[in-house]
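Here's the letter readout for the chains.
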Amino acid sequence: MCGIIGLFLKDRAIEPELGALLAGMLETLCDRGPDSAGFAVYGAAAPHAIKITVRGPRDCDFTAVVRRLEAGGDPLPRVVHDTHVVLTVPEAREDAVRAEISRMPELTVVGCGRRMEIFKEVGRPDRVAKRFGLDAMAGTHGIGHTRMATESAVTTGGAHPFTTAADQCLVHNGSLSNHNALRRELIRHGFAFQTNNDTEVAAGYMSWRMREGDSLEQTLNSSLSALDGFYTFVVGTESGFGVLRDPIACKPAVMAETDRWVAFGTEYRALVDLPGISTARVWEPVPAKAYLWERH
Amino acid sequence: MRTVDLSQTSLRELNAELHRLQRTTNETHWRIVNPRGQHAIGVGIDAPIVVEIEGHVGYYCAGMNKEATIVLNGNAGPGVAENMMSGRVHVKGDASQGAGATGCGGLLIVDGNASARCGISMKGIDIVVKGSVGHLSAFMAQAGNLVVLGDAGDALGDSIYEACLFVQGNVASLGADCVEKPLEGRHKIDLARLLEAAGLNGTVDPASFRRYGSARKLYHFHIDNLGSY
């Protein structure tokens, strides 16, 4: 099972509504994945800074945490969302802040990027979305996942999206069969993995290809031969949005497009409340074909 | 005509009402609005009624249909008309995977494309797809006809027992034990009947199709294989 969603806006006028639209989509797919949920939102970028999303324990005193990370320097802009805090860190201070985070074992870096913010927790997806305040978030595109755990424990670490490089993340419906061998190869290429999860390896593979200079389109196409197993992926980059299904098309997928947005849902039900859906072009993405949209 | 709004009425209530109908019912025409991609709409109907559905539906719409005519003005999710016994299901848009799977009888018409595994394990249903079908269509097909005006994806008719497959466009590849067979006069008559039933009377030439079926080597005893038994 599991449910995945994605929404890529073409019309800037609806960017303030991105989070609310994603929240509705995620809520609909609760019954496909009631164990945990996660989502990534590509919001506004701050000049010469990177956003780091950090997860702390429940009832974490983020004021004290951030004061320690500031280390007596200028205040770090921050937004707290339940168990997560998004820090906007000037590029010059990134290394120092990361080093300090690594010295605080109760904290985990969930993801980072110029624009990407990423949130995930155990629990029913609609409640998770509410706790993080997804419906108030703005942005250009976002992806999300509702998990029904079948192969590993219900933990926050096993929740999607997975991210293995700045501004890149991925949600996955399916299971991979060659992830152990590929993980070893990627470790040799300098990647570090936080979990034993198969999806994290897919994210790592794509980050590796893009680090080596491949475009998102080239990356999705080479994934078809590099990744063995069942998958429907929705991928986000700083300016791009991609969809890929395995050649057997084991997992369901529906897409819809209007001149204002492009949306992905594991089922059409997830798309029914999008504005203008009744006149949208609705289709099933073809197996083994990379679909992508890019903002310019 | 009865109109049921699925944003007001629960799916369970609708299906229960449809199941209560007797064959002699006077409520012969139903219209269902706001399906919103829900699953199992109009499953298990056993009465000669007409049901029109306005919008896209989720999994298993019109499954196990008996005698009813179900018209879907939208796209269907996986398993539309699965295990249909008789009657007619007409999808005006596209159908997802497993359209008409295991169907025993009746006619399924898809105006658009049907994706993978169309007619998988079909057991007597007739399926007419005016667009293309995806990979592994008619997998393990046992009886009935699959007519495709567009193309067929990889492994058409894989492990087919019997059933007739007619494709007007290209076939990406044939599955195990599925072979092309000559299109003879009686096949053209069958095809003409199916095309007419699908509303294509006179607009499509039956002679423009190619026929595929079982080589009958996979499930049939062959003396050369005696040593394997």
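Here the structure is shown first, and the text comes after it.
Since the model is a prediction, treat every value here as computed from it, not as a measurement. (Residues numbered from 1 in each chain as written. Chains lettered and ligands numbered in written order. Predicted model: local features only at pLDDT ≥ 70, side-chain atom pairs only at ≥ 80, totals over all residues. Heavy atoms only, no water.)

(A) Looking closely at the overall build of chain A. A tally of helices and strands in chain A yields seven helices and 16 strands. Taking 19 Å as the expected radius of gyration for a compact globule of 296 residues, we find that chain A reaches 18 Å, a close match to that expectation. Taken over the C-alpha atoms alone, chain A extends approximately 55 × 45 × 35 Å along its principal axes. A total of 296 residues make up chain A; the buried ones form 59% of that total. (Helix = DSSP H or I, 4+ residues; strand = E, 2+ residues; numbered from the N terminus. Rg over C-alpha atoms; globule rule 2.2 N^0.38 Å. Buried < 20%, exposed > 50% of the residue type's maximum accessible area, 1.4 Å probe, protein only.)

(B) The packing of aromatic side chains, seen in detail. Overall, the coordinates contain 10 aromatic pairs over all chains when judged by the stated rule. Considering the side-chain rings of F119 of chain A and F132 of chain A, the 5.3 Å spacing of their centres and the 45° angle between planes classify their relative orientation as tilted. Pair noted here: F119 of chain A is in strand β7 (residues 116–122) and F132 of chain A is in helix α4 (residues 125–132), with a separation of 13 residues, a long-range link. The pair formed by F119 of chain A and F132 of chain A is uniform in burial state, with each residue classed as buried. Both rings, one in Y161 of chain B and one in Y219 of chain B, keep their centres 4.1 Å apart while their planes meet at 5°; by these two values the pair is stacked. Of this pair, Y161 of chain B sits in the loop between β8 (143–148) and β9 (164–167) while Y219 of chain B sits in the segment after β11 (210–214), and the two are 58 residues apart along the sequence. Clustering of aromatic rings is evident, with ring pairs tying together F8, F241 and W293 of chain A. Above the plane of the ring of F162 of chain A lies K120 of chain A, whose end atom (NZ or CZ) is 4.5 Å from the centre. Between R281 of chain A and the ring centre of W283 of chain A, over which it is positioned, the NZ or CZ distance is 3.9 Å. (Phe/Tyr/Trp six-rings, centres within 6.5 Å; stacked < 30°, edge-to-face > 60°. Lys NZ or Arg CZ within 6 Å of the ring centre and 35° of its normal.)

(C) Examining the environment of A149 of chain A more closely. Residues and elements named next belong to chain A. By secondary structure assignment, the location of A149 is in the loop between β8 (141–147) and β9 (162–165). Judged by its relative accessible area of 23%, A149 falls in the partly exposed class. In this structure A149 touches D35 and V154, once residues within four positions along its chain are discounted. (Contact = heavy atoms within 4.5 Å.)

(D) Spatial organisation of the pairing of strand β1 (residues 2–5) of chain B. Residues and elements named next belong to chain B. As defined by bridge partners, β1 adjoins strand β2 (residues 29–33) across four bridges and the pair is classed as parallel. Bridge assignment links T3 to a residue of β2, and that residue is R31. Following the backbone out of β1, through helix α1 (residues 11–20) and into the adjacent parallel β2, one traces a crossover that is right-handed. (Pairing = 2+ DSSP bridges. Right-handed = clockwise from strand over helix to strand, strands pointing away.)

(E) View of the sheet that holds strand β10 (residues 178–181) of chain B. Residues and elements named next belong to chain B. Strand order across the open sheet formed by 11 strands is β1-β2-β3-β4-β5-β6-β7-β8-β9-β11-β10, with mixed pairing between neighbours. Two strands in the sheet have a free side with no partner beyond their single neighbour: β1 and β10. The average undirected angle you get between the axes of adjacent strands in this sheet is 15°. Pairing of strand β4 (residues 69–73) with strand β5 (residues 88–91), which is carried by four bridges, proceeds in the parallel orientation. Bridging from a neighbouring strand, I70 pairs with V89 of β5. Against the sheet, α1 engages β1 and β2, with an angle of about 170° to β2. Along the sheet, helix α2 (residues 185–197) contacts β5, β6 (107–110), β7 (123–129), β8, β9 and β11; its crossing angle with β8, the most-contacted strand, is approximately 70°. (Axes fitted to C-alpha atoms, helices over the stretch in contact; angles between N-to-C directions.)

(F) Expanded view of the interface of chain B and chain A. Contacts between the two partners involve 13 residues from chain B, matched on the other side by 14 residues from chain A. Overall, the association of chain B and chain A removes approximately 1100 Å² of surface from exposure, summing both partners, and the carbon and sulfur fraction of that is 46%. Summed over the shared surface of chain B and chain A, the result is one salt bridge. Between D273 of chain A and R36 of chain B there is a salt bridge; the shortest N-O distance is 3.1 Å. Taken together, the connections running from chain B to chain A amount to nine residue pairs in polar contact (both at pLDDT 80 or more). (Buried area = accessible area lost by both parts, 1.4 Å probe. Salt bridge = Lys/Arg side-chain N within 4 Å of Asp/Glu carboxyl O. Polar contact = N/O pair within 3.5 Å; in protein donor to acceptor, adjacent residues only side chain to side chain.)

(G) Structural detail: a nonpolar patch on the surface. On the surface, F221, I223, L226 and Y229 of chain B cluster together into a nonpolar patch covering about 510 Å² of accessible area. Looking at the secondary structure, you find I223 of chain B in the segment after β11. (Patch = residues over 30% accessible without salt bridge, like charges linked within 9 Å, V, L, I, M, F, W, Y side chains within 5 Å. Areas by Shrake-Rupley, 256 points an atom, 1.4 Å probe, with all protein chains shown as cover.)

(H) The packing of helix α6 (residues 198–211) of chain A against helix α7 (residues 216–226) of chain A, seen in detail. Residue and element names in this part refer to chain A. Two elements in contact, α6 and α7, have axes separated by 9 Å at closest approach and are oriented at 135°. In terms of orientation, α6 lies oblique with respect to α7. When you trace α6 past α7, the crossing you get is right-handed. Residue-level contacts link Y205, M206, R209 and M210 of α6 to L216, T219, L220, S222, S223 and A226 of α7. (Parallel < 35°, antiparallel > 145°, perpendicular 65-115°, else oblique. Left-handed = near helix turned anticlockwise from the far one by under 90°.)

(I) Here's a closer look at the nonpolar core. Core analysis: the biggest nonpolar cluster contains 49 residues, and I41, I49, I53, V89, L108 and L146 of chain B have the highest contact counts within it. In this structure, V89 of chain B is in contact with A62, N65, I70, V80, A81, M84, L107, L108 and I109 of chain B, ignoring residues within four places of it in sequence. (Core = buried A, V, L, I, M, F, W, Y, C linked by side-chain atoms within 4.5 Å.)

(J) Main features of the environment of H172 of chain A. All names here are of chain A. On the secondary structure map, H172 appears in strand β10 (residues 168–176). Considering only alpha carbons, one finds H172 and T195, 23 residues apart in sequence, at a separation of 15 Å. Beyond its immediate sequence surroundings of up to four residues, H172 is in contact with I4, H145, H160, D198, T199, F230, Y231, T232 and F233. Side-chain polar atoms of H172 contact the backbone oxygen of F230, separated by 3.1 Å.

(K) Helix α2 (residues 62–70) of chain A, seen in detail. Residue and element names in this part refer to chain A. Among the residues of α2, F62, V65, V66, L69 and E70 are the ones counted as buried. The arc enclosing the buried residues of α2, seen along the axis, measures out at 135°, which places them on a common side. Looking at the buried positions of α2, the neighbouring elements they touch are β3 (49–55), β4 (78–81), β5 (84–90) and α3 (94–102). Where α2 ends, the next residue or the one after it, A71, has phi of about 50°, a positive value. (Arc of directions from axis to C-beta.)

(L) Up close: empty space enclosed by the protein. Residues and elements named next belong to chain A. By the definition in use, this model includes one cavity of 30 Å³ or more. As a volume, the largest cavity reaches approximately 50 Å³. Along its surface, the largest cavity is lined by T164, Q168, C169, L170, A203, M206, S207, M210 and V235. At the level of elements, β10 and α6 are the ones that each hand at least two residues to the lining of the largest cavity. Counting residues per element, the lining of the largest cavity draws most heavily on α6, which supplies four residues. Taken together, the residues that form the lining of the largest cavity break down as six nonpolar, three polar and no charged. (1 Å grid on protein atoms, 1.4 Å probe; cavity = no way out; pocket = protein on both sides within 12 Å on 5 of 7 lines; lining within 4 Å. Points joined across faces, edges and corners; volume = space filled by probe spheres on them. Nonpolar A, V, L, I, M, F, W, Y, C, P; charged D, E, K, R; others polar.)

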